[in-house]
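Here are the chains, one letter per residue:
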Amino acid sequence: MNKVYLDYNASTPLAPEVLDVMNPLLTGYYGNPSAHHWAGHPVKEKLVIARKQVAGLLSCLPEEVIFTSGGSEANNLALKGYYFKHQYKGKHIITSKIEHPAIVEPLKFLERLGAEITMVDVDAYGMVSPEAIEDAIREDTILITVMHSNNEVGTLQPIDEIGEIARRHRIAFHTDASQSAGKVPIDVNHLNVDMLTIAGHKLYAPKGIGALYIRKGLELEPLIHGAGHEFGLRAGTENTMLAAGLGKACELAQEQAWDRKLADLTNYFWVQLQEAFGDEVVLNGHEEKRLPNTLNVSFVNRVGQDILSAIPQLAASTGSACHSGIVELSPVLREMKVPEYVGMGAVRFSLGRYTAKEELDQVISWLKETF
């Protein structure tokens, strides 16, 4: 039985080049990177290289990169760290209604501590309106956080426009770019962001490593206090092996990203789906302003989970959950006002660096067999 993996938005395999960089650090580099002797110096150098590589992908300074245990921790550091440090200025935070739980849950936590959260609507494509963000601004607004791209439907947000608004009102702006890094250009200066999150396992690096870009001069309260590692923002001896893996993955992304090959492959798959299923399949999200690898489609009047269950050799995700015969749409599709008879049949196909055209043809064949 051939297996096909089309769930790259959930997690990516480790790139061979990344593994090659990490392997020597399992045995040959055992010193503490903070130690000022022969065992610590080479480990510290690996950390310095990794930080430069991440900074290269984001077009920022190396000292503006903080290594974390992943995207969730980076988001928590951005939101909680900023709120704890600046709540004396105000307690209002603006976000969107389609954020990832790694944003939603920290904000719910901050609400319990007195923060006031405004969640703005999105349109039928899952896109946030910059005007809606500006309309939500109050005198006590201290932070705006909007994801760079939606993990389910792939819609790219107008981050640079929102960033201009935030800057004009002197409000800190954070974006979670976990799904975007390595797939589309990321330049923190062009985006007008003050903080930006990336997650290693979304761009062919290991799980358990991520990074938070923090614009120089911006002050955060650390979540983990101790000996002052990571420029005083994350105590604890750095996991140099994972950081080196993330650095190499960012270097590879810089070299290989934005290649039309992946976008062309995704578009080919969409054309094949339309030819095979006609009006029975519809696209969720923006037709053009979306991640080049992401295709969220609905099979009308079908249940996405039933389709995937019928093809166990296919790894993909669904936007609907079925409990006791009742189909519940994902929060993202619900906020996009996707009709239930459409949204319940949602399947997210996310392609990646190792996806082959022949695999897509095989998936089309499997899907045909389920209808």
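Heads up: these notes are all about the structure in this document.

Analysis parameters
Residues numbered from 1 in each chain as written. Predicted model: local features only at pLDDT ≥ 70, side-chain atom pairs only at ≥ 80, totals over all residues. Heavy atoms only, no water. Helix = DSSP H or I, 4+ residues; strand = E, 2+ residues; numbered from the N terminus. Rg over C-alpha atoms; globule rule 2.2 N^0.38 Å. Buried < 20%, exposed > 50% of the residue type's maximum accessible area, 1.4 Å probe, protein only. Contact = heavy atoms within 4.5 Å. Lys, Arg positive; Asp, Glu negative; His and termini not counted. Charge placed at Lys NZ, Arg CZ, Asp CG, Glu CD. Salt bridge = Lys/Arg side-chain N within 4 Å of Asp/Glu carboxyl O. 1 Å grid on protein atoms, 1.4 Å probe; cavity = no way out; pocket = protein on both sides within 12 Å on 5 of 7 lines; lining within 4 Å. Points joined across faces, edges and corners; volume = space filled by probe spheres on them. Nonpolar A, V, L, I, M, F, W, Y, C, P; charged D, E, K, R; others polar. Expected span 1.5 Å × (residues − 1). Patch = residues over 30% accessible without salt bridge, like charges linked within 9 Å, V, L, I, M, F, W, Y side chains within 5 Å. Areas by Shrake-Rupley, 256 points an atom, 1.4 Å probe, with all protein chains shown as cover. Core = buried A, V, L, I, M, F, W, Y, C linked by side-chain atoms within 4.5 Å. Polar contact = N/O pair within 3.5 Å; in protein donor to acceptor, adjacent residues only side chain to side chain.

This paragraph deals with the overall build of the protein chain. Within the protein chain, the regular secondary structure consists of 15 helices and 15 strands. For the protein chain, whose C-alpha radius of gyration is 21 Å, the value lies close to the compact-globule estimate of 21 Å for 371 residues. When its C-alpha atoms are laid out on the principal axes, the protein chain stretches across 65 × 55 × 40 Å. Sorting the 371 residues of the protein chain into buried and exposed places 56% on the buried side. For the protein chain, long-range pairs separated by at least 24 residues make up 73% of all intrachain contacts whose partners lie at least 6 apart in sequence. Averaged over its 34 positive side-chain charges, the protein chain has a centre that lies 5 Å from the centre of its 46 negative ones.

With that settled, consider the environment of Leu252. Positionally, Leu252 belongs in helix H10 (residues 240-256). Judged by its relative accessible area of 5%, Leu252 falls in the buried class. Along the backbone, Leu252 and Gln53 are 199 residues apart, and their C-alpha atoms lie at a distance of 9.3 Å.

Quick look at the pattern of salt bridges now. Enumeration according to the criterion identifies twelve salt bridges in this entry. The closest approach of N and O atoms between Lys108 and Glu105, which form a salt bridge, is 3.5 Å. Placement of the pair is Lys108 and Glu105 together in helix H5 (residues 101-112), with a separation of three residues, close to one helical turn. Using a relative accessible area of 43% as the deciding quantity, one classes Lys108 as partly exposed. Judged by its relative accessible area of 43%, Glu105 is partly exposed. Here the salt bridges share partners, and the residues they tie into one network are Glu116, Arg138 and Asp140.

This part covers empty space enclosed by the protein. Applying the stated criterion across every chain yields a total of one cavity of 30 Å³ or more. Put simply, the largest cavity is a space of about 30 Å³. Forming the walls of the largest cavity are Glu73, Leu77, Leu223, Ile224, Leu233 and Arg234. Classifying every residue of the lining of the largest cavity gives four nonpolar, no polar and two charged.

Unlike most non-glycine residues, Glu230 shows phi in positive territory, near 50 degrees. Examined against the element boundaries, Glu230 turns out to sit in helix H9 (residues 229-232). Backbone geometry at Phe231 places phi at a positive 60 degrees, although glycine is not the residue there. Turning to its location among the elements, Phe231 is positioned in helix H9.

What follows concerns helix H4 (residues 71-86). With 16 residues, H4 should reach 22 Å at 1.5 Å per residue; the first-to-last C-alpha distance of 22 Å fits that figure. Where burial is concerned, most of H4 is hidden: 13 out of the 16 residues are buried.

Now for a negative patch on the surface. The grouping of Glu131, Asp135, Glu161 and Glu164 at the surface amounts to a negative patch. Sorting the residues of the negative patch by element identifies helix H6 (130-136) and helix H7 (159-168) as the ones contributing at least two each. Assignment of secondary structure puts Glu161 in helix H7.

For the rest of this paragraph, the subject is the nonpolar core. Counting residues in hydrophobic clusters, the biggest one holds 61 residues, and the most contacted among them are Val54, Leu58, Ile144, Leu196, Ile198 and Leu246. When neighbours within four sequence positions are excluded, Ile144 is seen to be in contact with Ile94, Ile133, Ile137, Ile162, Ala166, Ile171, Ala172, Phe173 and His174. Counting 24 residues, the second largest nonpolar core, distinct from the first, contains Leu265, Phe269, Ile307 and Val347.

Turning next to the side chain of His286. Looking at where His286 falls in the secondary structure, it is placed in the loop between strand E9 (281-284) and strand E10 (294-299). For His286, the side chain forms a polar contact with the main-chain nitrogen of Glu288, separated by 3.0 Å. If near-sequence neighbours (up to four positions away) are discounted, His286 is found in contact with Tyr125, Met127 and Thr155.

Note on placement: Asn150 falls in the loop between strand E5 (141-145) and H7. Judged by its relative accessible area of 0%, Asn150 is buried. Separated by 3.4 Å, the side chain of Asn150 and the backbone oxygen of Ile98 make a polar contact. Of the polar contacts made by the side chain of Asn150, one reaches the backbone nitrogen of Val153; its length is 3.0 Å. Discounting residues that sit within four places of it in the chain, Asn150 has contacts with Ile98, Thr155, Leu291 and Val332.

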